Amino acid sequence: MGELLSERRIEKRPERVRLKGRIFFLTEDPELIKRQLAGEDLPWDTANPGNNPKLRDDISTDEITPAHICFYFDETLGEFPYTGLKCGSELPIKRGDVKRGGFVCAVSGKRRGKGSSREQSPYAERAAGIQLVIAENIERIYKQNCQNLGVLTSTDFGLIERIRLGEEIALSEFTKGEDDITRQIIEHGGLFPFNVARLQKKVFLPPIATAKRPMTLAEKIFARHMVDAQGHVGVSAVRPGDSGFARTDLRFSHEYVTPMAAIFYDHLVGKDVPLNDPSSILFFRDHLTFLDEVISPEKRKMGLLDLAGQLKFKQEDFARERGIKLHGELKDRKGSEGICHSIMLESYALPGQLIVGSDSHTPHSGAIGAVAFGIGTTDVFNSWITRDVRVKVPESVRVIVHGKKRPNVTAKDFILKILSLDYVRSGKALAKVIEYAGEAIEDLSVDERATMTNMAAEIGGFTGIVAPDRKAVDFLVERRGMDYRAAEKMIVGLSSDPGAEYAHVIELDAAEITPMVATPGDPGNGKYVRELNTPVPVEIAYGGTCTAGKNEDMDMYAAVLADALRQGKRVAGSVKFYIQFGSQETRDYCMRKGYLDVFHKAGVIVIEPSCGACINAGPGATSSPTQVVISAQNRNFPGRSGPGQMYLASPYTVAASAVAGYIVEYQPSKQLVSA
């Protein structure tokens, strides 16, 4: 491998860049969008920002490239950037608009690129001609994906006028404030050329010289995995800001990402070049197994169902050729072996490991005390070459939930409460490790902790983690069949040191939290169910996904429905209630517990494992803007699960609302619907 890449000629970017083209302002007003697409250049007053049109905040990658657009995995993506962007009540950007517009820079407001880790988003922007994105703040994975692909990023709105004047801009304007490795990646025009230069020993890797210090749990795990200047794994200590490469224990990707990464690898590295340690790489077919049941006739005519099939076949072929373990589709019935995050936690992740995956919800495995985080396609493909990933050690935020929770409150209610806090909504937790602690967290099972760590992605955090304890040991023994003493030994030392430094500490009293919902549009729109002023009727209830398709989630759905059956009730006639398992292991668990019978008698539609409705690719997604759905999934961004209005809630609240026909709290041992 080294010989094959050692002669590759790599050229750095020029020290000064001139961006020739128009600037596209992603505004809230759809008419301003249309005027720009028609050829008008909007004025921009840097000195008096109050004169400027309101820019869209919180643009998710779902809006940059809707899920069905990601069935493309080549330059065709350049036809589609921002086609899911909601401005007012409209989707004003159509196929080809951005590419035809001659735009070189796209400008938006706060939290650009939140949500899914899909690298198709910046790839689509780049393929459409966008060379620079400017925003008030930019989400970590999206920003890293831009850098990996050679798309420049900035929070400096002063660049707008300079671009319009045709000025040359020093490349250092885009590297200032970045660590040495990120600076060099930007200078080389992307991660792959940088890594080739790294193999040729033509780049500078800063040594990590941090002296021993009290460390957080995540910092300890990073220290164990950082690669030093001599190529050895492990350093004595790290602190936030230390940058380098970390040796991974496990790397995984799913069918949305593997094909593009495979094309990159075959084209840039070579079809006959083996992957680095294929035994620690896993592939999953978990996203699109039910797509044919919900894809619209219009999208079928576009050939998107066939394209989605190509993703599957490309991944299967690459796995077979390269000797990679693939958790794929079921052979005897429709569905998959399981969602990647569910299987990773159930079968693979161990305390103290460093795990990377091609999905923003990779932090799911933090429930067992691993540092697990999402990466983009280019990072995935580069990790196949080097087995390591670029890391800048993040700051940590400690979230302490004190006391004892109410019987009808779950981890989902905790995380929806956290997401509603000003500190999180303002973006201050972006790219930080979210470390959960406190008596109420310690009382949670590993399954429930996974809900908390999984949804660190919605916080915009680097990852989420819970210190492994006796419950983690029991999980490994009971679910994995591991020897008790071996499991106990594994968690030794995996806790934060007294005196460890945190960027911020959030403290909550569990007793003050009652069942929550997040109102449509964003997971941060949290409020207590009892604060809903008028009843909210629902047409669809959905329980499933990686976040809410685990064993303990099934316990909750079953408890509510068994309670309903005892009262002579079942799912309301006006509601379709779908329950989808996260994995075959969870399906087997439900069979052993007798839950399938309860679900059937209550009128539930049971679905085999897959991501499904969460990405508008399975039963449970909405089909019209007027439909209201209550879901236990993790995101309710506009358009993510269809055009309807989605409320997020806990498994208890979802099941109780399915029975009532409108959003209600579940009150154990009381009537599900009060008179």
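Look up a bit, the structure's there.
Every value quoted in this text rests on a predicted model; they were computed, and no experiment measured them.

1. Side note on the overall build of the protein chain
Right, so step 1: Secondary structure summary: the protein chain contains 28 helices and 24 strands in total.
Right, so step 2: Expected size for 675 residues packed as a compact globule is a radius of gyration near 26 Å; at 24 Å, the protein chain falls within 12% of this value.
Right, so step 3: In terms of principal-axis extent, the alpha carbons of the protein chain reach across some 75 × 60 × 50 Å.
Right, so step 4: Within the protein chain, the proportion of its 675 residues that are buried is 63%.
Right, so step 5: Across the protein chain, every contact between residues at least 6 apart in sequence was considered, and the portion connecting residues at least 24 apart equals 74%.
Right, so step 6: Of the roughly 24700 Å² of accessible surface on the protein chain, a fraction of 49% belongs to carbon and sulfur atoms.

2. Topic: the nonpolar core
Right, so step 1: Grouped together as the largest cluster of nonpolar side chains are 68 residues, with contacts concentrated most on Phe222, Val238, Tyr256, Leu288, Phe373, Phe381 and Trp384.
Right, so step 2: Listed in part, the 43 residues of the second largest apolar core include Ala562, Val575, Ala632 and Ile663.

3. Things to note about the packing of helix H9 (residues 180-188) against helix H10 (residues 191-199)
Right, so step 1: Between H9 and H10, the least distance of the axes is 7 Å, while the angle of their chain directions is 110 degrees. Considering the angle they form, H9 stands roughly perpendicular to H10. Judged by residue contacts, Ile181, Gln184, Ile185 and His188 of H9 engage Leu191, Pro193, Phe194 and Ala197 from H10.
Right, so step 2: Counted by class, the contact of H9 with H10 contains six nonpolar, two polar and no charged residues.

4. Here's the deal with the packing of aromatic side chains
Right, so step 1: Inspection of the entire model under this criterion finds 23 aromatic pairs.
Right, so step 2: Measuring from centroid to centroid gives 6.2 Å for tyrosine 595 and phenylalanine 599, while their planes differ by 40 degrees, and the two rings are tilted. Pair noted here: tyrosine 595 and phenylalanine 599 are both in helix H27 (residues 595-602), with a separation of four residues, about one helical turn. Just as tyrosine 595 is buried, phenylalanine 599 falls in that class too.

5. Considerations on the sheet that holds strand E14 (residues 396-402)
Right, so step 1: Reading across from one edge, E16-E15-E14-E17 is the order of the four strands in this open sheet, with parallel pairing throughout. A strand with exactly one partner marks an edge of an open sheet, and here the two such strands are strand E16 (463-466) and strand E17 (504-509). In this sheet, adjacent strand axes meet at a mean angle of 20 degrees when their direction is disregarded.
Right, so step 2: Sheet topology places E14 next to E17; six bridges connect them, and they run parallel. Residue pairing for E17: valine 399 is matched across the bridge by isoleucine 506.

6. Some thoughts on the pairing of strand E12 (residues 371-374)
Right, so step 1: With burial as the criterion, each face of E12 is covered, one bearing Val371 and Phe373 and the other bearing Ala372 and Gly374.
Right, so step 2: When strand E11 (residues 354-357) meets E12, the two strands line up parallel, connected through four bridges. What sits directly across from leucine 354, in E12, is valine 371.

7. Overview of the sheet that holds strand E21 (residues 576-580)
Right, so step 1: Here we have seven strands laid out as an open sheet, ordered E19-E18-E24-E23-E20-E21-E22, and mixed in their pairing. Sheet topology places strand E19 (526-528) and strand E22 (605-607) at the edges, where each strand pairs with a single neighbour. Strand-to-strand twist across the sheet, computed as the mean angle between neighbouring axes with direction ignored, equals 25 degrees.
Right, so step 2: Sheet analysis places strand E23 (residues 628-631) next to strand E24 (residues 645-649), joined by four bridges and oriented parallel. When the bridges of E24 are listed, isoleucine 630 appears paired with tyrosine 647.

8. Description of unusual backbone geometry
Right, so step 1: If you check the backbone angles, tyrosine 82 has positive phi at about 70 degrees while not being a glycine.
Right, so step 2: Backbone geometry places aspartate 277, a non-glycine residue, at a positive phi of 55 degrees.
Right, so step 3: Among the secondary structure elements, aspartate 277 is positioned in the loop between helix H12 (258-268) and strand E9 (281-284).

9. A look at the pattern of salt bridges
Where charged atoms from two side chains of opposite charge come close, those side chains can pair.
Right, so step 1: Counted according to the given criterion, the structure contains 54 salt bridges.
Right, so step 2: Glutamate 136 serves as the salt-bridge partner of lysine 110, at 3.6 Å between the closest nitrogen and oxygen. Separated by 26 residues along the polypeptide, lysine 110 in the loop between strand E3 (103-107) and helix H5 (120-127) and glutamate 136 in the loop between strand E4 (132-134) and helix H6 (140-149) bring together distant segments of the chain.
Right, so step 3: Among the residues examined, lysine 110 registers a relative accessible area of 37% and is labelled partly exposed.
Right, so step 4: Residue glutamate 136 is classed as partly exposed on the basis of its relative accessible area, which comes to 41%.
Right, so step 5: Lysine 312 is paired through a salt bridge with glutamate 329; the nearest N and O atoms lie 2.9 Å apart. Linking lysine 312 in helix H14 (residues 304-322) with glutamate 329 in the loop between strand E10 (325-327) and helix H15 (340-348), this pair joins segments that are 17 residues apart in sequence.
Right, so step 6: When salt bridges that share partners are traced, they join Lys12, Asp180, Arg183 and Glu187 into one network.

What counts, and where the lines are drawn
- Residues numbered from 1 in each chain as written.
- Predicted model: local features only at pLDDT ≥ 70, side-chain atom pairs only at ≥ 80, totals over all residues.
- Heavy atoms only, no water.
- Helix = DSSP H or I, 4+ residues; strand = E, 2+ residues; numbered from the N terminus.
- Rg over C-alpha atoms; globule rule 2.2 N^0.38 Å.
- Buried < 20%, exposed > 50% of the residue type's maximum accessible area, 1.4 Å probe, protein only.
- Contact = heavy atoms within 4.5 Å.
- Areas by Shrake-Rupley, 256 points an atom, 1.4 Å probe, with all protein chains shown as cover.
- Core = buried A, V, L, I, M, F, W, Y, C linked by side-chain atoms within 4.5 Å.
- Axes fitted to C-alpha atoms, helices over the stretch in contact; angles between N-to-C directions.
- Parallel < 35°, antiparallel > 145°, perpendicular 65-115°, else oblique.
- Nonpolar A, V, L, I, M, F, W, Y, C, P; charged D, E, K, R; others polar.
- Phe/Tyr/Trp six-rings, centres within 6.5 Å; stacked < 30°, edge-to-face > 60°.
- Pairing = 2+ DSSP bridges.
- Salt bridge = Lys/Arg side-chain N within 4 Å of Asp/Glu carboxyl O.

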